[in-house]
Amino acid sequence: MEERKRIFSGMQPSGMITLGNYLGALKNWTNLQDEYDCLYCIVDMHAITVRQDPVKLRKQCKDLLTQYLAVGIHPEKNIIYYQSHVSQHAELSWILNCYTYMGELNRMTQFKDKAAKHSDNINAGLYTYPVLMAADILLYQTDLVPVGEDQRQHLEITRDIAGRFNALYGDTFKIPEAYIGKVGARVMALQDPSKKMSKSDENQNNTIALMDDPAVIMNKVKRAVTDSENEVRYGEDKPGISNLLNIYCACTGKTIAEAEKEFSATGYGAFKTAVGEAVVAELEPVQKKIKELEQNKDYLNEVIRNGAERAGNLAAKTLTKVQKKIGFPPAIR
Ligand code: ATP
Ligand code: LTN
């Protein structure tokens with residue numbers, strides 16, 4: 001039997017996840033689980049590259065786990081786990097740091113953005129964040145990495161690091177490819193459609209959280225920035241409307257052309273109502289499931305225990321191979 005391809009992806013437990021995370025990442029993940037062997041990680045080690053409150057971080061990890069499960073990521077078909085429970089991530093990351101050039105890291109736009117945003121805490125972890133991400137991916141001999149458009153650059157550096165290592169030591173890592181969905185790959189901030197919707201945005205009107213009430217969602221969509229025309233059309237000159245069209249299509253499965261036609265005679269008011277309703281219809285079942293799962297602590301603990309064990313077994317194989325190739329002496333047992 002032909003081996004199934006492997007998928008790895010992760011999300012930071014850095015706050016309430018947004019419609020952007022959901023449409024750009026989670027929703028696609030659920031569509032992949034039947035065809036691929038998937039690992040879905042909660043990357044708590046990445047989250048501490050910006051300052052986190054320990055009590056909140058612990059809760060955010062649990063919340064993200066619940067959200068993964070609620071959108072339909074199956075814990076037996078896939079491996080779901082916390083990054084910090086599998087120590088090989090940190091170990092491989094250190095090794096790969098020594099095969100990554102500062103010049104490469106200097107080009108990373110996410111570092112530049114985050115350094116500007118957290119100018120009081122530009123730590124070395126924030127700088128080497130892409131190396132930890134490379135370790136995440138390469139540890140599992142990953143074929144495909146489903147992420148939003150914003151992560152493309154990190155995938156490129158991962159491929160470069162893997163290629164460099166393989167060239168020096170012979171085939172060690174599989175070279176992964178980005179897997180970026182067509183719709184929902186880049187959901188923009190509602191009040192400023194020139195920047196991406198981000199869960200750490202301080203302006204709550206920019207984001208729709210997965211757990212927002214229907215009334216709140218309707219209100220945020222209605223207040224979304226558009227333009228002074230009244231034509232529902234996709235185009236670079238219309239970032240606000242294009243963003244709403246993108247959201248509408250990702251939620252309903254319609255194409256942009258179908259949606260443009262549907263609203264060709266209605267104007268922005270009716271369009272925004274339809275977008276809000278589509279988002280509510282998409283998120284309501286997920287919200288209900290989250291509330292159910294939150295009651296079931298034993299089940300959540302078992303998912304995490306099992307995930308760490310399965311991920312750890314796979315990770316150990318690659319790390320041992322790498323340690324041997326670079327010349328670390330074998331452990332005496
Ligand atoms: P933070 O604000 O803490 O940096 P974030 O909202 O950017 O977080 P991440 O945890 O970095 O989210 O990303 C999780 C996944 O969601 C990634 O695959 C990322 O590409 C995707 N994603 C994040 N924001 C968006 C967006 N606005 N549109 C589409 N996909 C997105
Ligand atoms: N950097 C990603 C989160 C992330 C990730 C990964 C995604 C960490 N490790 C490995 C895919 C594969 C982000 O900020 N969205």
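Conventions we followed
Residues numbered from 1 in each chain as written. Chains lettered and ligands numbered in written order. Predicted model: local features only at pLDDT ≥ 70, side-chain atom pairs only at ≥ 80, totals over all residues. Heavy atoms only, no water. Helix = DSSP H or I, 4+ residues; strand = E, 2+ residues; numbered from the N terminus. Rg over C-alpha atoms; globule rule 2.2 N^0.38 Å. Buried < 20%, exposed > 50% of the residue type's maximum accessible area, 1.4 Å probe, protein only. Contact = heavy atoms within 4.5 Å. Lys, Arg positive; Asp, Glu negative; His and termini not counted. Charge placed at Lys NZ, Arg CZ, Asp CG, Glu CD. Near = heavy atom within 4 Å. Polar contact = N/O pair within 3.5 Å; in protein donor to acceptor, adjacent residues only side chain to side chain. Areas by Shrake-Rupley, 256 points an atom, 1.4 Å probe, with all protein chains shown as cover. Nonpolar A, V, L, I, M, F, W, Y, C, P; charged D, E, K, R; others polar. 1 Å grid on protein atoms, 1.4 Å probe; cavity = no way out; pocket = protein on both sides within 12 Å on 5 of 7 lines; lining within 4 Å. Points joined across faces, edges and corners; volume = space filled by probe spheres on them. Sits in = over half its atoms within 2 Å of the grid points. Phe/Tyr/Trp six-rings, centres within 6.5 Å; stacked < 30°, edge-to-face > 60°.

Draft legend 1. The overall build of the protein chain, seen in detail. The helix and strand inventory of the protein chain stands at 13 helices and 5 strands. A compact globule built from 333 residues would reach a C-alpha radius of gyration of about 20 Å, and the protein chain, at 21 Å, matches this within 12%. If you line up the protein chain on its principal axes, its C-alpha atoms span 75 × 45 × 45 Å. Counting across all 333 residues of the protein chain, residues that qualify as buried make up 52%. For the protein chain, long-range pairs separated by at least 24 residues make up 76% of all intrachain contacts whose partners lie at least 6 apart in sequence. Of the side-chain charges in the protein chain, 42 are positive and 42 negative, and the distance between the mean point of each set is 3 Å.

Draft legend 2. How the structure looks around the environment of Leu-300. Looking at where Leu-300 falls in the secondary structure, it is placed in helix 13 (residues 297–326). Along the backbone, Leu-300 and Pro-75 are 225 residues apart, and their C-alpha atoms lie at a distance of 9.8 Å. When sequence neighbours within four positions are dropped, the list of residues in contact with Leu-300 reads Lys-62, Leu-65, Thr-66, Leu-69 and Leu-293.

Draft legend 3. Looking closely at the site of ligand 2. Close to ligand 2 lie 13 residues; Gln-12, Tyr-129, Met-133, Asp-136 and Gln-151 are nearest. At 2.6 Å, a side-chain N or O of Tyr-129 approaches a nitrogen atom of ligand 2. One nitrogen or oxygen atom from the side chain of Gln-151 is found 3.0 Å from a nitrogen atom belonging to ligand 2. Coverage of ligand 2 by the protein chains reaches 91% of its 360 Å² of free accessible surface. Secondary structure elements with two or more residues in the shell around ligand 2: strand 1 (6–11) and helix 7 (124–139). A total of 4 residues in the shell around ligand 2 trace back to one element, the largest contributor, which is helix 7. For the shell around ligand 2, the per-class residue count stands at 7 nonpolar, 5 polar and 1 charged.

Draft legend 4. Broad picture of the layout of surface pockets. In this structure, the largest pocket spans a volume of roughly 1200 Å³. Considering the residues around the largest pocket, the lining is formed by 47 residues, among which Gln-110, Lys-114, Asp-150, Gln-151 and Lys-196 are closest to the centre. Looking at the lining of the largest pocket, the elements that each hand over two or more residues are strand 1, helix 1 (19–32), helix 6 (109–117), helix 7, strand 4 (144–146) and helix 8 (152–169). A breakdown of the residues in the lining of the largest pocket according to their chemical character gives 15 nonpolar, 20 polar and 12 charged.

Draft legend 5. Fine view of the site of ligand 1. Near ligand 1 you find 21 residues, and of these Asp-150, Lys-196, Ser-198, Lys-199 and Ser-200 are the closest. The side chain of Lys-199 places a nitrogen or oxygen atom 2.6 Å from an oxygen atom of ligand 1. Alone, ligand 1 offers 600 Å² of accessible surface; in the complex the protein occludes 96% of this. Put simply, ligand 1 lies in the largest pocket. Looking at the shell around ligand 1, the element that brings in the most residues is helix 1, giving 4 residues. Class assignment for the residues of the shell around ligand 1 results in 6 nonpolar, 10 polar and 5 charged.

Draft legend 6. Expanded view of the packing of aromatic side chains. Evaluation of the coordinates by the stated rule reveals 12 aromatic pairs. Ring geometry for Phe-165 and Tyr-169: centres 4.6 Å apart, planes at 40°, overall tilted. Placement of the pair is Phe-165 and Tyr-169 together in helix 8, with a separation of 4 residues, close to one helical turn. The class for Phe-165 is buried, based on a relative accessible area of 0%. On the basis of relative accessibility, which here comes to 27%, the residue Tyr-169 falls in the partly exposed class. Measuring from centroid to centroid gives 5.0 Å for Phe-263 and Phe-271, while their planes differ by 65°, and the two rings are edge-to-face. Exposure remark for Phe-271: the relative accessible area of 0% places this residue in the buried category.

Draft legend 7. Seen up close, unusual backbone geometry. Even without being glycine, Gln-141 reaches a positive phi, approximately 50°. By the secondary structure assignment, Gln-141 is in the loop between helix 7 and strand 4.

The values reported here are purely geometric and, on their own, carry no functional implication.
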